[in-house]
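# Analysis of the macromolecular model
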Amino acid sequence: MKELIDKLRDTNELSRGEWECLIRGRTPKLAEYLFEEARKVRHAHYGTDVYVRGLIEFTNYCRNDCFYCGIRKSNLEVRRYRLDKQEILLCCETGYELGFRTFVLQGGEDGFYSDDKMVEMIGDIRDKFPDCAITLSIGEKSYEAYQRFYDAGADRYLLRHETYDAEHYGKLHPPELTAARRQQCLWDLKKIGYQVGTGFMVGTPWQTEANLASDMLFLKELNPQMVGIGPFIPHHETPFAAYDAGSKELTLFMLGLIRLMLPKVLLPATTALGTIDTQGREAGILAGANVVMPNLSPTSVRKDYSLYDNKICTGDEAAECRMCLANRMHSIGYEVVVNRGDSLNN
Ligand code: SAH
């Protein structure tokens, strides 16, 4: 098994069979070796810098009904909210003062924010914060819409493929959502020129090692600038309420593998990882991750953007989150830096 890790480190790729074998055959000892190698690669390209992104969860209305997600349209228990442009700009201002140079506008697929409204909002943020990156994470849109957002000043787009395998994808989503459409969006975004982030959940119901192997092969082919992965965590008001969460152990292992496959990729230690374990994000950084994405949303709406149960930091002010993260990273020998944090994977 160790040879497979060496091969991955030296050639940055494995075959489907090798991926399956390595993921299936993982042991704590092997993981330790993997993380050591992943850290070396991470340090070679990014040193001990940790990039931060300010996450603004600006709407929890969603037209979709993903079986895992707490803000799916069928969940009538959610208190729905939208932030208006002024509120969003205020989040950016707060974030800017705290040293954020990347803002991520994330939300459900909310028809209220028409393409015109988004273009206007992106333009305003672009004017006010010329030295910042604007990242969108608002789901599946037409090529034309993506192009308009890009022309208005958006630089980056986050859209996880969730799971590559069409059959597995079909078990996690209603029939109107397909793996093919999701993946097409990613190719569209790349073609337009966005810095693209994709990724998948670890430990979703029915996920197999073969599914994870497919995810790795897809990542290799797409070659995105960023890869966000986190454990699936059940939400009590969804069809997946009774399923087990994904494990920290497997999530960390996948992080290490991604670092060796795409040495220069941006790799966040996600909030979901920090939710299943109090030291999850630190462990993620030590497995090869180099980005954290604290929340800039107003505390008044934080609890309402619950994609899964027990999400961390829902009561904290942006400044507290920023400080807390800086301390956490410092405690393991890393440093949060003030810059756009562009990907070296181009
Ligand atoms: N509407 C946007 C943003 C989705 S929320 C979009 O379609 O891209 C961001 C990510 O949260 C999702 O891509 C999914 O991978 C993750 N997520 C949603 N529900 C989750 C859950 N129950 N556990 C873990 N991650 C979840």
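Notes on the structure in this doc start here.

Calculation notes
Residues numbered from 1 in each chain as written. Predicted model: local features only at pLDDT ≥ 70, side-chain atom pairs only at ≥ 80, totals over all residues. Heavy atoms only, no water. Phe/Tyr/Trp six-rings, centres within 6.5 Å; stacked < 30°, edge-to-face > 60°. Lys NZ or Arg CZ within 6 Å of the ring centre and 35° of its normal. Near = heavy atom within 4 Å. Polar contact = N/O pair within 3.5 Å; in protein donor to acceptor, adjacent residues only side chain to side chain. Areas by Shrake-Rupley, 256 points an atom, 1.4 Å probe, with all protein chains shown as cover. Buried < 20%, exposed > 50% of the residue type's maximum accessible area, 1.4 Å probe, protein only. Helix = DSSP H or I, 4+ residues; strand = E, 2+ residues; numbered from the N terminus. Pairing = 2+ DSSP bridges. Right-handed = clockwise from strand over helix to strand, strands pointing away. 1 Å grid on protein atoms, 1.4 Å probe; cavity = no way out; pocket = protein on both sides within 12 Å on 5 of 7 lines; lining within 4 Å. Points joined across faces, edges and corners; volume = space filled by probe spheres on them. Nonpolar A, V, L, I, M, F, W, Y, C, P; charged D, E, K, R; others polar. Contact = heavy atoms within 4.5 Å. Axes fitted to C-alpha atoms, helices over the stretch in contact; angles between N-to-C directions. Core = buried A, V, L, I, M, F, W, Y, C linked by side-chain atoms within 4.5 Å. Disulfide = S-S within 2.5 Å. Expected span 1.5 Å × (residues − 1).

Let's shift gears to the packing of aromatic side chains. Under the defined criterion, the tally for this structure stands at 15 aromatic pairs. Between Phe-112 and Tyr-113, the aromatic rings sit 5.2 Å apart at their centres with planes inclined by 85 degrees, giving edge-to-face as the arrangement. Three or more aromatic residues joined by ring pairs make a cluster, and in this case those are Phe-67, Trp-206, Phe-232, Phe-240 and Tyr-243. Over the ring of Tyr-96 we find Arg-101, and its NZ or CZ is 3.5 Å from the ring centre. Its end group placed over the ring of Phe-112, Lys-117 keeps NZ or CZ at 4.2 Å from the ring centre.

Our next topic: the site of the ligand. Taken together, 16 residues form the shell around the ligand, and within it Tyr-68, Gly-107, Arg-160, Glu-162 and Ile-233 come nearest. At 2.5 Å, a side-chain N or O of Glu-162 approaches an oxygen atom of the ligand. In this structure, an oxygen atom belonging to the ligand sits 3.1 Å away from a side-chain N or O atom of Arg-182. Protein contacts shield 90% of the accessible area of the ligand, which totals 560 Å² for the unbound molecule.

So, about the pairing of strand β2 (residues 54–59). Counting buried positions along β2 yields six of six residues, so the element is predominantly enclosed. As paired strands, β2 and strand β3 (residues 102–107) are joined by five bridges and run parallel to one another. Following the sheet pairing, Leu-55 is matched in β3 by Val-104. Once the chain exits β2 it traverses helix α4 (residues 85–97) before rejoining the sheet at β3, and the crossover so formed is right-handed.

Following the criterion strictly, the structure yields three cavities of 30 Å³ or more and no others. A volume near 90 Å³ is recorded for the second largest cavity. Around the second largest cavity, the lining comprises 13 residues; the ones closest to its centre are Arg-53, Thr-135, Arg-156, Leu-158 and Met-226. Broken down by secondary-structure element, the contributors of at least two residues to the lining of the second largest cavity are β3, β5 (156–158) and β6 (195–198). Residue contributions to the lining of the second largest cavity peak at three residues, all from β6. The residue makeup of the lining of the second largest cavity, split by class, is six nonpolar, five polar and two charged.

A few words now on the sheet that holds β3. With parallel pairing, six strands are arranged side by side in an open sheet as β2-β3-β4-β5-β6-β8. Two strands close off the open sheet at either side, each with one partner strand: β2 and β8 (226–227). Here helix α5 (residues 115–128) sits on the sheet and contacts β2, β3 and β4 (133–137); the angle it forms with β4, its principal contact strand, is near 155 degrees.

Another aspect to go through is the nonpolar core. Of all hydrophobic cores here, the largest spans 98 residues; its most connected members are Phe-58, Met-118, Ile-125, Met-254 and Leu-257. With nine residues, the single largest contributor to this core is helix α10 (residues 248–261). Ranked by size, the runner-up nonpolar core spans 10 residues in total, among them Tyr-46, Tyr-51, Leu-266 and Val-291.

Turning our attention to the state of the cysteines. Evaluation of the coordinates by the stated rule reveals zero disulfides. The structure places no disulfide on Cys-62, whose sulfur is separated from the nearest cysteine sulfur, that of Cys-66, by 6.3 Å.

Most of β4 is tucked away: five of the five residues are buried. Here β4 shows two buried faces, one formed by Ala-133, Thr-135 and Ser-137 and the other by Ile-134 and Leu-136. In this structure, β3 lies alongside β4, joined through five bridges in parallel fashion. Residue pairing for β4: Gln-106 is matched across the bridge by Ser-137. As a crossover connection, the stretch from β3 through α5 into β4 is right-handed. The pairing of β4 with β5 spans two bridges and is classified as parallel.

On to helix α9 (residues 209–222). Look at α9: 20 Å from first C-alpha to last across 14 residues, which is about the 20 Å you get at 1.5 Å a residue. Those residues of α9 that sit buried are Asn-211, Leu-212, Ala-213, Ser-214, Asp-215, Met-216, Phe-218, Leu-219 and Leu-222. For α9, the elements touching its buried residues are α2 (16–24), α7 (166–172), α8 (179–192), β6, β8 and α10. Residue Asn-223 follows α9 closely and has a positive phi angle near 50 degrees.

This paragraph deals with the sheet that holds strand β11 (residues 335–336). If you trace the three strands from one edge of the open sheet to the other, you get β10-β1-β11, paired in parallel fashion. In the strand order of this sheet, the two ends are held by β10 (291–292) and β11, each with one partner. Looking at chain direction, strand β1 (residues 49–52) and β10 are connected through two bridges and run parallel. Residue pairing for β10: Tyr-51 is matched across the bridge by Val-291.

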